[in-house]
Structure formats: structure tokens, C-alpha cells
Amino acid sequence: GGIVVKQEEVNLADVSEEVCQILAPLVQRRTVLKSQIRGNQCPRILGDTMRIHQILTNLVSNAIKFTARGSIQIHADVDKDNPSMVLVRVVDTGAGIPEAKLAEVW
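Residues numbered from 1 in each chain as written. Predicted model: local features only at pLDDT ≥ 70, side-chain atom pairs only at ≥ 80, totals over all residues. Heavy atoms only, no water.

Visitor: Can you help me understand the overall build of the chain in this one?
Guide: Summing up its helical and strand segments, the chain has three helices and five strands in all. Shown N-terminal to C-terminal, the secondary structure of the chain runs as helices and strands in the order β-α-β-β-α-β-β-α. With respect to the principal axes defined by its C-alpha atoms, the chain has extents near 35 × 35 × 30 Å. Counting over 106 residues, the chain shows a buried share of 30%. Accessible surface for the chain amounts to roughly 7,600 Å². Of this, 53% is attributable to carbon and sulfur atoms. Between the averaged position of the 12 positive side-chain charges in the chain and that of its 12 negative side-chain charges there is a distance of 9 Å. (Helix = DSSP H or I, 4+ residues; strand = E, 2+ residues; numbered from the N terminus. Buried < 20%, exposed > 50% of the residue type's maximum accessible area, 1.4 Å probe, protein only. Areas by Shrake-Rupley, 256 points an atom, 1.4 Å probe, with all protein chains shown as cover. Lys, Arg positive; Asp, Glu negative; His and termini not counted. Charge placed at Lys NZ, Arg CZ, Asp CG, Glu CD.)

Visitor: Just checking my understanding: could you explain the environment of Lys34 for this structure?
Guide: Within the secondary structure layout, Lys34 lies in strand E2 (residues 31–35). The class for Lys34 is partly exposed, based on a relative accessible area of 39%. Lys34 sits 44 residues away from Val78 along the chain, and the two C-alpha atoms are 19 Å apart. Residues contacting Lys34, with those up to four places away along its chain left out, are Cys20, Ile72, Gln73 and Ile74. (Contact = heavy atoms within 4.5 Å.)

Visitor: Where do I start with the pattern of salt bridges in this structure?
Guide: Oppositely charged side chains can pair when the atoms bearing their charge come close. The tally for this structure, following the rule as stated, stands at one salt bridge. Arg89 is the partner of Asp77 in a salt bridge, and the nearest nitrogen-oxygen pair spans 3.2 Å. Of this pair, Asp77 sits in strand E4 (residues 70–78) while Arg89 sits in strand E5 (residues 86–92), and the two are 12 residues apart along the sequence. On the basis of relative accessibility, which here comes to 37%, the residue Asp77 falls in the partly exposed class. The class for Arg89 is partly exposed, based on a relative accessible area of 40%. (Salt bridge = Lys/Arg side-chain N within 4 Å of Asp/Glu carboxyl O.)

Nothing here speaks to function; it is all geometry.
This is the structure we're talking about:
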């Protein structure tokens, strides 16, 4: 048995809002956690809601660990080069990964 990935309609605005609500208690007072995804700006996509929720939770959790002050935002945009794709980004003002360590991550 492998991992079963569902194909269902996913509302990224709802998923990102839920992730923000769940993780909000972990955010320090000087940090703002916010979803920038609006339902009318981002099309519904086909995917596995649970897996997308899990991935966003992991990305935002990592951002929280390394952002003592500033902001953490979730964005989603239709890919200009491939309009059938949506790009999801978690952007934070944390320290980031030192350039010398990037090769280890990617």
C-alpha cells in the first residue's frame, strides 16, 4: 500500500485561514500571521485537501520557529506561465537560511 492522494476541489482560502487559526497560538506577540489568499482571487483547485493542509502547516510552523518579529503570510497566485497551476508561497521576515547552507537544503 502506498499513499493515496485524493483529487477533490480545494478552496485554498479556507485551508490557509484554517492553518492560520490553528497555528496562531504559537506566534509570538511581535509577529503577525495572516493568509493573503482571498476566495475571489484564487480559483478552486483539484488536489488533496488534507495533504495541502499538512504541507501548509509544516511550512508555516517552520516560519514561526524562525520569525521572532515581523510577519508570516500565505500567498497563492495563478502561475503566469501555466494558468492551470497555482503557486502557493509562505513568506516570512525571519532570519532565513544562510547562503552557505542553501545547497544543503535544496
